[in-house]
Amino acid sequence: MNSAAGKVYLVGAGPGNPDLLTVRAVKLLRKADVVLYDDLVSAGVLKYCKKSAVLEYVGKRIGQHSCLQTEINQKLGEYAKQYSNIVRLKGGDPSIYGRAGEEIEHLASLGIECEILAGVTTASGAASSLGIPLTHREYAREILFLSGHKKTGKNPESFEDLNLEGKTVLVYMGLNSLESIRENLLESGNSGSTPMAFIENATLPNQRLILANIDTCLEKAEEFQIKTPALLIFGEIVNFYTELQRLKEEGKISYC
């Protein structure tokens, strides 16, 4: 280990609402000399950084100009030579589609100490904020976290031969691949009436929930002009949510 180098912390910022930061994440932000933050990190989270910290945006978003991963790796190495505490701040959890592995490998090759700090993953934070449990003995016994996008483009392979029965399937970065996801799910034998939902801007004041099913998801996405960041949820657990809302509107329950 290079004793002259600083330490890099790969920190999960959660899905957006700063109240969902862990206590340790707040402590690290308050002492960080440099914070390299992603596109999905909200302004409320950055308020925890000390005033003297160097804040650098290194966001990546499909279809827009963004910072390449190789550039981010290089920046982390350079900052670690100049400062003691560097935070690489990622939306959600850094180990779930956050490319933490690539950054760890690069820093290790330079002899720079690195630590991962887990955050509330977007899927969990988004569902919980709406009162949607990810598992339920009557609706879903399994959870799948899938990506609609991979290094070389869309990711249809993950949705081939995928039976949604008894599962809650949460799709990150799936909006641009929605047409192929829908096609693969139908070809896998899933009913077009299988419920799904879009959660846009999860846990933030402008959060939106749009209900649909496999048959109508493309139409709904266009009708409501859904934009990233958006999480897709497939499975009967969505029906649990709609049933709770119906009971609430009828005055039969007063919680949730």
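Residues numbered from 1 in each chain as written. Predicted model: local features only at pLDDT ≥ 70, side-chain atom pairs only at ≥ 80, totals over all residues. Heavy atoms only, no water.

Colleague: What should I look at first to understand the pairing of strand β2 (residues 34-37) in this one?
Modeller: Burial of the side chains of β2 extends over both faces: Val34 and Leu36 are buried on one face and Val35 and Tyr37 on the other. The sheet contact formed by β2 and strand β3 (residues 54-57) spans 4 bridges and is parallel. Residue pairing for β3: Val34 is matched across the bridge by Val54. When β2 meets strand β4 (residues 85-90), the two strands line up parallel, connected through 4 bridges. Within β4, the residue paired with Val34 across the bridge is Ile86. (Buried < 20%, exposed > 50% of the residue type's maximum accessible area, 1.4 Å probe, protein only. Helix = DSSP H or I, 4+ residues; strand = E, 2+ residues; numbered from the N terminus. Pairing = 2+ DSSP bridges.)

Colleague: How should the domain arrangement of the protein be read in this particular structure?
Modeller: Many authors give the size of an interface as the accessible area that is lost as the parts come together. What the domain assignment reports for the protein is domain 1 (7-120) and domain 2 (123-249). For domain 1 versus domain 2, the separation of C-alpha centres amounts to 28 Å. Opposite the 11 residues of domain 1 that make contact, domain 2 presents 13 residues. At the boundary of domain 1 with domain 2, the tally comes to 3 residue pairs in polar contact (both at pLDDT 80 or more). For the side of domain 1 that touches domain 2, the residue count by class is 7 nonpolar, 3 polar and 1 charged. (Domains from an automatic or database assignment. Contact = heavy atoms within 4.5 Å. Polar contact = N/O pair within 3.5 Å; in protein donor to acceptor, adjacent residues only side chain to side chain. Nonpolar A, V, L, I, M, F, W, Y, C, P; charged D, E, K, R; others polar.)

Colleague: What should I look at first to understand the side chain of Lys167 in this one?
Modeller: As for its position among the elements, Lys167 is in strand β9 (residues 167-172). Here Lys167 is buried and forms no salt bridge, its nearest opposite-charge partner Glu142 lying at an N-O distance of 4.1 Å. For Lys167, the contacting residues outside a window of four places in its chain are Tyr139, Ala140, Glu142, Leu144, Leu162, Phe234, Gly235 and Glu236. (Lys, Arg positive; Asp, Glu negative; His and termini not counted. Salt bridge = Lys/Arg side-chain N within 4 Å of Asp/Glu carboxyl O.)

Colleague: Would you mind showing me how to read the nonpolar core here?
Modeller: Nonpolar side chains tend toward joint burial in soluble globular proteins. Within the largest apolar cluster, 21 residues are counted, with the highest numbers of intra-cluster contacts made by Leu185, Phe198, Leu232 and Phe234. Elements with a minimum of two residues in this core: β9, α6 (178-187), β10 (195-200), β11 (208-213), α7 (217-223) and β12 (230-234). If sequence neighbours within four positions are ignored, Leu185 has contacts with Phe159, Leu162, Leu164, Asn190, Ile214 and Phe234. With 19 residues, the next largest nonpolar core counts Leu231, Val238, Leu244 and Ile253 among its residues. (Core = buried A, V, L, I, M, F, W, Y, C linked by side-chain atoms within 4.5 Å.)

Colleague: Teacher, can you tell me more about a negative patch on the surface here?
Modeller: A grouping of Glu160, Asp161, Glu179, Glu183 and Glu187 is seen on the molecular surface, where their side chains present a negatively charged patch. Inspection of the secondary structure puts Glu179 in helix α6. (Patch = residues over 30% accessible without salt bridge, like charges linked within 9 Å, V, L, I, M, F, W, Y side chains within 5 Å. Areas by Shrake-Rupley, 256 points an atom, 1.4 Å probe, with all protein chains shown as cover. Charge placed at Lys NZ, Arg CZ, Asp CG, Glu CD.)

Colleague: Is there a simple way to think about unusual backbone geometry in this case?
Modeller: Generally, phi is negative for residues other than glycine and the peptide bonds are trans, each holding for most cases. Of note, the bond from Thr228 into Pro229 is cis; its omega dihedral lies within 30 degrees of zero at 0 degrees. Although it is not a glycine, Asp161 sits at a positive phi angle of roughly 55 degrees.

Colleague: Where do I start with the packing of helix α3 (residues 69-82) against helix α4 (residues 100-109) in this structure?
Modeller: Axes are the key here: two packed helices are described by the angle between their axes and the distance separating the axes. At a closest axis distance of 10 Å, the pairing of α3 and α4 adopts a crossing angle of 45 degrees. Relative to α4, the element α3 lies oblique. Remark: the crossing between α3 and α4 carries right-handed chirality. Counting all contacts with α3, which are made through Gln69, Ile72, Asn73, Gln74, Leu76 and Gly77, the residues of α4 involved are Glu102, Glu103, His106 and Leu107. Tallied by class, residues from the contact of α3 with α4 come to 3 nonpolar, 5 polar and 2 charged. (Axes fitted to C-alpha atoms, helices over the stretch in contact; angles between N-to-C directions. Parallel < 35°, antiparallel > 145°, perpendicular 65-115°, else oblique. Left-handed = near helix turned anticlockwise from the far one by under 90°.)

Colleague: Mind showing me how you'd approach the sheet that holds β4 here?
Modeller: Sheet strands pair by backbone hydrogen bonding; their relative direction is either parallel or antiparallel. Read from one edge of the open sheet, 5 strands run β3-β2-β4-β1-β5, paired in parallel fashion. Every interior strand has two partners, whereas the edge strands, β3 and β5 (114-117), have only one. Averaged over all pairs of adjacent strands, the angle between strand axes in this sheet comes to 20 degrees, irrespective of strand direction. Sheet topology note: the strand β1 (residues 7-12)/β5 ladder contains 4 bridges and is parallel.

Colleague: Sorry if this is basic, but what is going on with the pattern of salt bridges here?
Modeller: In a structure, side chains of opposite charge can pair up when their charged atoms sit close to one another. In this structure the tally under the stated criterion is 14 salt bridges. The partner of Glu243 in a salt bridge is Arg246, with the nearest N and O atoms 2.5 Å apart. Taken together, the residues span about one helical turn, with Glu243 and Arg246 both in helix α8 (residues 237-249) at a distance of 3 residues. Across the pair Glu250 and Lys252 runs a salt bridge, and its minimum N-O distance is 3.2 Å. The partly exposed category is assigned to Glu250, whose relative accessible area is 41%. Salt bridges here are not isolated pairs; linked through shared partners, they connect Lys7, Arg24, Glu113 and Glu115.

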